[in-house]
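Structure assessment
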Amino acid sequence: MNDEPLADVSAAVPPPVDPPPIEPGRPLPRVIAIANQKGGVGKTTTTINLGAALAELGVRTLIIDLDPQGNASTGLGIENRGLEASMYHVLMHDVPLENVVEPTAVKGLFVAPASLDLAGAEIELVPAFSRETRLKRAIDTVIDDYDYVLIDCPPTLGLLTVNGLAAATEVLVPIQCEYYALEGLGQLLRNVDLVRRNLNPALEVSTIVCVMYDARTKLADQVVSEVRDHFGEKVLRTVVPRSVRLSEAPSFGQPITVFDPRSRGALAYRDVAKEVNDAASQRPR
């Protein structure tokens, strides 16, 4: 294992610029983009399992799969090959979002699936009218049906991710407890700031969750400590352990709360969901 000290977080991550004021209790519905420009950090795993655990709490949750790989869709049991309509058609052909939403095996959890066509949308969106806000307009038509909308963004800053950030009011960033944890984080925060300044003044990084935690290593504790020192109360108390069961669940098309409901990963994501939901101010029914 690499015993070198971690790079100073403050050097890797710029300070936030002009963040919007934080309201006591975030009103429902909440639209949260799950983003990290570093690949393989558990972003889709977090989206799927946070969504399932929120639905278990009794809040209606929609996951929007914006990643052309479609892992959030298949991880919830939606076969994304041969779909008549997907998020590609919502973004490029103005198909209503409600027409592509699919129910999942978890009561109260729904998914708007991706298809491989989305890879072409990055290019097709370039000359499109109002190209950065197409997702926001689509979400606005269904937002009253859900308490949470979770947007699984690709690990690149193309027009798909920009659409996700322009549509959200919050960004949740999963950070893995490993040596290169902070790689790309500074760029993500700069990009969030760019979107806030130019497209979406309400956007803020509201939540950071430490994932892939290995209690056997000092490094994991060091990463968590550094992230907490820098980001303070934005970092959830819950850390998600590295878990074989978490890795296996998507191949069965199930969130961990269904695949192995008593596993450490399931318990952790339930705690993550409680922390996220506890920050919400409930809306009148």
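Residues numbered from 1 in each chain as written. Predicted model: local features only at pLDDT ≥ 70, side-chain atom pairs only at ≥ 80, totals over all residues. Heavy atoms only, no water.

Observations regarding the overall build of the chain
Helices and strands together make up the secondary structure of the chain, namely 12 helices and 10 strands. Of all 285 residues assigned to the chain, the portion counted as buried reaches 56%. Considering only residue pairs separated by 6 or more positions, the chain has 80% of its internal contacts joining residues 24 or more positions apart. When the accessible surface of the chain is split by element, carbon and sulfur atoms take 53% of a total near 12900 Å². (Helix = DSSP H or I, 4+ residues; strand = E, 2+ residues; numbered from the N terminus. Buried < 20%, exposed > 50% of the residue type's maximum accessible area, 1.4 Å probe, protein only. Contact = heavy atoms within 4.5 Å. Areas by Shrake-Rupley, 256 points an atom, 1.4 Å probe, with all protein chains shown as cover.)

Quick look at the layout of surface pockets
Empty space among the atoms can be located by rolling a probe the size of a water molecule over them. For the largest pocket, the calculated volume is near 510 Å³. Lining the largest pocket are 25 residues; nearest its centre among them are V41, G42, K43, T45 and M212. Of all the elements in the fold, those that place two or more residues in the lining of the largest pocket are α2 (43-56), α3 (71-74), β8 (204-213), β9 (235-241) and α10 (244-248). Looking at the lining of the largest pocket element by element, the count peaks at 4 residues for α2. Taken together, the residues of the lining of the largest pocket sort by class into 10 nonpolar, 11 polar and 4 charged. (1 Å grid on protein atoms, 1.4 Å probe; cavity = no way out; pocket = protein on both sides within 12 Å on 5 of 7 lines; lining within 4 Å. Points joined across faces, edges and corners; volume = space filled by probe spheres on them. Nonpolar A, V, L, I, M, F, W, Y, C, P; charged D, E, K, R; others polar.)

Quick notes on the nonpolar core
If you look at the biggest cluster of nonpolar residues, it comprises 59 residues, and the most contacted ones within it are L62, I64, M87, L97, I139 and I151. Sorting elements by how many residues they give to this core places helix α9 (residues 218-231) first, with 6 residues. Listed in part, the 35 residues of the second largest apolar core include I34, A52, A72 and Y269. (Core = buried A, V, L, I, M, F, W, Y, C linked by side-chain atoms within 4.5 Å.)

Overview of α2
Given 3.6 residues per turn, any residue in an α-helix points the same way as the ones three and four places further on. In this model, α2 (14 residues) spans 20 Å end to end at C-alpha, consistent with the 20 Å of a helix rising 1.5 Å per residue. Of all 14 residues in α2, 12 are buried; the element is thus mostly enclosed. Residues of α2 that are buried include every one of K43, T44, T46, T47, I48, N49, L50, G51, A52, A53, L54 and A55, and no others. Immediately downstream of α2, the backbone of G58 shows phi near 95°, a positive value. (Expected span 1.5 Å × (residues − 1).)

Thoughts on the state of the cysteines
Tallied over the full model, the rule gives 0 disulfides. You can see C177 has no disulfide; the closest cysteine sulfur is in C210, sitting 4.7 Å from it. Residue C177 is classed as buried on the basis of its relative accessible area of 4%. (Disulfide = S-S within 2.5 Å.)

Details of the pairing of strand β7 (residues 170-176)
With 7 of 7 residues buried, β7 lies mostly within the body of the structure. Of the pairings in the sheet, the one linking β7 to β8 comprises 7 bridges and is parallel in character. Of the residues in β8, the one forming a bridge with V173 is I208. Handedness of the crossover joining β7 and β8 through helix α8 (residues 185-198): right-handed. (Pairing = 2+ DSSP bridges. Right-handed = clockwise from strand over helix to strand, strands pointing away.)

Digging into helix α7 (residues 159-167)
Burial analysis of α7 places 9 of its 9 residues in the buried class, the great majority of the element. Every buried residue of α7 is listed here: L159, L160, T161, V162, N163, G164, L165, A166 and A167.

Observations concerning the environment of I32
Mapped onto the secondary structure, I32 falls in strand β2 (residues 30-34). Residues I32 and I63 lie 31 residues apart in sequence; the distance between their C-alpha atoms is 9.7 Å.

Re the pairing of β9
In terms of burial, β9 is a largely internal element, 5 of the 7 residues being buried. Here β8 runs beside β9; their pairing, made up of 3 bridges, is parallel. Bridging across to β9, Y213 finds its partner in P241. In this view, the connection linking β8 to its parallel neighbour β9 by way of α9 has right-handed handedness.

So, the sheet that holds strand β4 (residues 102-103)
Overall, mixed pairing links the 8 strands, which are arranged β4-β5-β3-β6-β2-β7-β8-β9 in an open sheet. Each end of this open sheet is capped by a strand with a single partner; those strands are β4 and β9. Along the sheet face, α2 touches β2, β3 (61-65), β5 (109-112), β6 (148-152), β7 and β8 and points at about 165° away from the line of β6. Packing against the sheet, α7 makes contact with β2, β6 and β7, and its axis sits at approximately 150° to β2. (Axes fitted to C-alpha atoms, helices over the stretch in contact; angles between N-to-C directions.)

Some points on the packing of α2 against helix α12 (residues 264-278)
Helix-helix packing: each pair is described by the crossing angle between the helix axes and the interaxial distance. Running from amino to carboxyl end, α2 crosses α12 at an angle of 70°, the nearest separation of the two axes being 8 Å. Relative to α12, α2 is oriented roughly perpendicular. Of α12, the residues touching α2 (which contributes T45, T46, N49, L50, A53, L54 and E56) are Y269, R270, V272, A273, V276 and N277. Split by residue class, the contact of α2 with α12 holds 7 nonpolar, 4 polar and 2 charged. (Parallel < 35°, antiparallel > 145°, perpendicular 65-115°, else oblique.)

Structural notes on the pattern of salt bridges
On inspection of all chains with the given rule, the structure shows 15 salt bridges. The salt bridge partner of D152 is K43, with a shortest N-O separation of 3.2 Å. Linking D152 in strand β6 with K43 in helix α2, this pair joins segments that are 109 residues apart in sequence. Considered together, D152 and K43 belong to a single accessibility category, that of buried residues. The residue R245 makes a salt bridge to E248 at a minimum N-O spacing of 2.8 Å. (Salt bridge = Lys/Arg side-chain N within 4 Å of Asp/Glu carboxyl O.)

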